[in-house]
Amino acid sequence: MRGLDKKISDRVAKIGVVGLGRTGLPLALEFVESGFTVFGVDTDLKKIDSLMRSRSYVLDIPSKSVKRAMNSGRLKFAKRGTIPRNLDCIIICVPTPLNKTKDPDISYILEVIGQIKKNLKQGMLVVLQSTTYPGTTHDLVLPNLEEGGLKCGKDFFLAYSPERFDPGSKEYTTKNIPRVVGGITAACTGISRKLFCTIVEEVHTTSSTQTAEMVKLLENTFRSVNIALINEMAIMCEKLDINVWEVIEKASTKPFGFMPFYPGPGTGGHCIPVDPQYLSWKLRLLDYKARFVELAGEINAEMPEFIVRKITELLNKKSKAVKNSRILLMGIAYKRNSDDYRESPSLDIFGILDSMKAKVSYSDPYIPEFKSGDKKIKSVNLSPAVLSKQDIVVILTDHQRFDFEPVNKHAQLIFDTRNVFNGTRSKKIYTL
Ligand SMILES: NC(=O)c1ccc[n+]([C@@H]2O[C@H](COP(=O)([O-])OP(=O)(O)OC[C@H]3O[C@@H](n4cnc5c(N)ncnc54)[C@H](O)[C@@H]3O)[C@@H](O)[C@H]2O)c1
């Protein structure tokens with residue numbers, strides 16, 4: 001450990017970041033910024049190509065940050081997406097999606113561990129950062145890595161440290177978001193803490209890798225459950241003819257014991273709809289039903305149906321059917337100021353309306369096109385002519401780049417699921 005400790009202090013440890021996506025790229029750049037030489041590894045060679053031309057493909061990372069890293073000469077890339085042999089530290093940031101049966105798909109982690117195992121050497125540190133179920137690092141990664149005969153905690157080090165990236169946020173960056181780290185042994189925790197202290201202002205350690213894995217799942221389950229609670233509140237308020245936004249605003253005046261969450265068309269992205277399912281899957285194996293997790297997942301997943309029902313009712317008020325109505329969806333990204341539309345509820349809403357034979361279109365400044373089934377759909381410009389010919393405009397994502405004034409001026413009917421009109425309800429504007 002002494003050797004690696006010194007290499008980290010002297011910034012001569014060679015760091016590999018495996019998976020240069022939304023979470024891996026910012027991490028790699030932060031290590032370069034801190035003085036390390038970083039080897040980026042990604043099987044998507046288009047990404048490597050883009051970085052080599054100093055072009056960022058992650059919305060939150062400006063190309064100038066990539067350019068600075070490239071100009072430093074300390075951001076290098078592995079050929080053909082394979083992990084180089086001579087690394088001192090490897091951080092794994094590959095996807096952890098759900099498979100078709102909604103069970104964890106950890107094949108990406110297994111693939112990477114298979115490669116690392118072949119080149120594992122004395123004094124090496126491996127950190128898993130991908131979100132996963134408790135026990136992955138200890139029960140799956142550890143035995144795999146020890147197969148070659150090296151002993152964890154003595155010959156090499158293994159830890160888990162979750163990413164807490166906040167897409168679209170200018171306030172929170174890799175540097176100022178506190179990090180949690182848990183190792184297999186105290187030595188593993190210590191050395192990984194040392195590594196992350198070079199790029200993050202605050203690092204907290206846990207007593208085990210399982211605890212660190214569970215921290216991430218608590219954080220995201222907390223969000224999923226609270227979003228589901230407020231989504232159900234919105235449904236109940238609708239039935240009671242109460243404005244849910246006003247309820248939240250007034251409840252937020254309580255200075256303790258309340259934290260506002262806001263309703264919307266559902267949850268999306270790689271985290272909230274996915275991560276709690278990892279927890280629930282693990283508990284199912286132990287004959288326990290994670291009721292909160294499952295109920296929250298159900299409520300959030302049903303929100304697109306609820307939104308479509310509201311659209312149907314609003315059109316009905318104007319004596320129109322969904323079929324053949326022109327419906328414009330504002331926002332395909334699941335979150336404001338983001339270009340991420342993985343698992344986005346807007347996709348479901350688009351799909352349902354399309355299957356009901358509506359003339360559905362969308363606008364999103366961050367997503368010029370997307371695929372719905374076999375069809376390629378292109379974003380439309382929000383001109384007065386486009387807005388005024390819609391039977392209804394549905395605000396699904398409140399990107400700051402949207403100008404809502406012309407929407408208010410030219411649209412005939414608006415369904416505002418994000419309260420961009422600040423509680424305004426009129427014959428023309430309806431909120432959740
Ligand atoms: N996106 C977020 O907001 C966020 C936040 C916290 C945690 N996470 C977690 O981080 C992990 C990664 O998420 P992401 O959003 O960065 O995903 P991403 O899809 O943006 O990036 C993953 C990258 O890994 C690459 N990859 C896949 N297999 C590989 C392999 N065998 N070798 C090398 N590269 C490989 C992919 O090409 C891709 O570029 C997931 O576990 C996710 O749950 C994501």
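Topic: the overall build of the protein
Line of reasoning, step 1. Tallying secondary structure elements over the protein gives 14 helices and 15 strands in all.
Line of reasoning, step 2. Expressed along its principal axes, the backbone C-alpha trace of the protein runs to roughly 75 × 50 × 45 Å.
Line of reasoning, step 3. Long-range pairs, those at least 24 residues apart, make up 67% of the contacts in the protein between residues at least 6 apart in sequence.

Comments concerning the site of the ligand
Line of reasoning, step 1. By nearness alone, 28 residues border the ligand, and Gly19, Gly21, Thr23, Ser130 and Thr131 come closest of all.
Line of reasoning, step 2. Considering each element in turn, the shell around the ligand owes the most residues, three residues, to helix H5 (residues 107-119).
Line of reasoning, step 3. Grouping the amino acids of the shell around the ligand by side-chain chemistry returns eleven nonpolar, eleven polar and six charged.
Line of reasoning, step 4. For the shell around the ligand, the two domains that each supply at least three residues are domain 1 (2-209) and domain 2 (245-431).

Comments concerning the sheet that holds strand E7 (residues 179-183)
As a general point, the strands of a sheet are linked pairwise by backbone hydrogen bonds and lie either parallel or antiparallel.
Line of reasoning, step 1. Taken in spatial order, the eight strands of this open sheet run E3-E2-E1-E4-E5-E6-E7-E8, and their pairing is mixed. Looking at strand neighbours, the two that pair on one side only are strand E3 (75-77) and strand E8 (203-205), the edges of this open sheet. Across the sheet, the mean angle from the axis of one strand to that of its neighbour is 25 degrees, orientation sign disregarded.
Line of reasoning, step 2. Sheet analysis places strand E4 (residues 89-92) next to strand E5 (residues 125-128), joined by four bridges and oriented parallel.

Side note on the environment of Ile307
Line of reasoning, step 1. Checked against the element boundaries, Ile307 lands in helix H11 (residues 291-317).
Line of reasoning, step 2. Apart from residues lying up to four places away in sequence, Ile307 is in contact with Pro265, Ile349 and Thr417.

As for helix H10 (residues 275-285)
Line of reasoning, step 1. Listing the buried residues of H10 in full gives Asp275, Pro276, Gln277, Tyr278, Leu279, Ser280 and Lys282.
Line of reasoning, step 2. Along its buried surface, H10 packs onto helix H8 (209-240) and H11.
Line of reasoning, step 3. Directly after H10, the chain includes Asp287, whose backbone phi takes a positive value near 60 degrees.

Section: the sheet that holds strand E13 (residues 392-395)
Line of reasoning, step 1. Strand order across the open sheet formed by five strands is E10-E9-E13-E14-E15, with parallel pairing between neighbours. Edge positions in the sheet fall to strand E10 (359-363) and strand E15 (429-431), since each of these pairs with one other strand and no more. Across the sheet, the mean angle from the axis of one strand to that of its neighbour is 20 degrees, orientation sign disregarded.
Line of reasoning, step 2. Of the strand pairs in this sheet, strand E14 (residues 414-416) and E15 are connected by three bridges, and their pairing is parallel.

Here we look at the nonpolar core
Line of reasoning, step 1. In this structure, Val17, Ala28, Ile92 and Leu158 are the most contacted members of the largest nonpolar core, which totals 58 residues.
Line of reasoning, step 2. In terms of residue count, the dominant contributor to this core is helix H2 (residues 24-33) (six residues).
Line of reasoning, step 3. Apart from residues no more than four positions distant in its own chain, Ile92 is found in contact with Val18, Gly19, Ile109, Val112, Val127, Leu128, Gln129 and Ser130.
Line of reasoning, step 4. Membership of the second largest hydrophobic core comes to 38 residues, among which are Ile327, Leu329, Leu347 and Phe350.

Points about the domain arrangement of the protein
Line of reasoning, step 1. Under the domain assignment, the protein is made up of domain 1 (2-209) and domain 2 (245-431).
Line of reasoning, step 2. Each of domain 1 and domain 2 was reduced to a C-alpha centroid, and the two centroids are 34 Å apart.
Line of reasoning, step 3. The residue inventory of the side of domain 1 that touches domain 2, partitioned by class, reads eight nonpolar, four polar and two charged.

Describing the packing of H8 against H11
Line of reasoning, step 1. Close contact between H8 and H11 brings their axes to 8 Å; oriented N to C, the two are set at 50 degrees. The orientation of H8 with respect to H11, classified from their angle, is oblique. Both H8 and H11 take part in a crossing whose hand is left-handed. Along the contact surface, H8 presents Thr221, Ser224, Val225, Ile227, Ala228, Asn231, Glu232 and Ile235, while H11 presents Phe292, Val293, Leu295, Ala296, Gly297, Ile299, Asn300, Met303 and Phe306.
Line of reasoning, step 2. For the contact of H8 with H11, a count of residues per class yields eleven nonpolar, five polar and one charged.

Some points on the packing of H8 against H10
Line of reasoning, step 1. One way to put it is that H8 packs onto H10 with a least axis distance of 8 Å and a crossing angle of 115 degrees. Relative to H10, H8 is oriented roughly perpendicular. Viewed along their axes, H8 and H10 form a crossing whose handedness is left-handed. Contact with H8, carried on its side by Lys216, Leu217, Asn220, Thr221 and Ser224, involves Asp275, Pro276, Tyr278 and Leu279 of H10 and no other residues of that element.

Let's talk about the pairing of strand E11 (residues 369-372)
Line of reasoning, step 1. By the bridge criterion, four bridges tie E11 to strand E12 (residues 375-378) in an arrangement that is antiparallel. What sits directly across from Lys371, in E12, is Lys376.

Some points on the environment of Asp10
Line of reasoning, step 1. Mapped onto the elements of the fold, Asp10 is located in the loop between helix H1 (2-9) and strand E1 (14-18).
Line of reasoning, step 2. On the neighbour-count criterion, Asp10 (9 C-beta atoms within 10 Å) is exposed.
Line of reasoning, step 3. With 26 residues separating them along the chain, Asp10 and Phe36 place their C-alpha atoms 8.9 Å apart.

Quick look at the environment of Lys170
Line of reasoning, step 1. Turning to its location among the elements, Lys170 is positioned in the loop between strand E6 (157-160) and E7.
Line of reasoning, step 2. Each C-alpha atom, one on Lys170 and one on Asp60, is 8.2 Å from the other, the two residues being 110 residues apart in sequence.

Definitions and cut-offs
- In every chain, residue numbers begin from 1 and rise along the written sequence.
- Two thresholds apply to this predicted model, a pLDDT of at least 70 for residue-level local features and 80 or more for giving and counting side-chain atom pairs, whereas whole-chain, interface and lining totals are computed over all residues.
- A run of DSSP states H or I qualifies as a helix once it reaches four residues; a run of E qualifies as a strand once it reaches two. Both are numbered from the N-terminal end.
- Any two residues are considered in contact once their C-beta atoms, placed from the backbone, lie within 7 Å.
- The C-beta atom of each residue is placed using the backbone, and any residue whose C-beta lies within 6 Å of a molecule or strand is treated as near it.
- For this classification, the nonpolar set comprises Ala, Val, Leu, Ile, Met, Phe, Trp, Tyr, Cys and Pro, the charged set comprises Asp, Glu, Lys and Arg, and every other residue, Gly included, is treated as polar.
- Domain delimitation in this document rests on an assignment produced automatically or drawn from a domain database.
- Pairs of strands are assigned from DSSP output, requiring at least two bridges between the strands.
- To get an axis, fit a line to the C-alpha atoms, keeping to the stretch in contact for a helix; angles then go from 0 to 180 degrees between the N-to-C directions.
- Backbone-placed C-beta atoms define the burial measure: a residue is buried with 20 or more other C-beta atoms within 10 Å of its own, exposed with 12 or fewer, and partly exposed in between.
- Put simply, a nonpolar core is a cluster of buried Ala, Val, Leu, Ile, Met, Phe, Trp, Tyr and Cys residues tied together by C-beta atoms within 7 Å.
- Roughly parallel refers to an angle under 35 degrees, roughly antiparallel to one over 145, roughly perpendicular to one between 65 and 115, and oblique to any angle outside these ranges.
- We call a crossing left-handed when the near helix sits turned anticlockwise from the far one by less than a right angle, and right-handed when that turn is clockwise.

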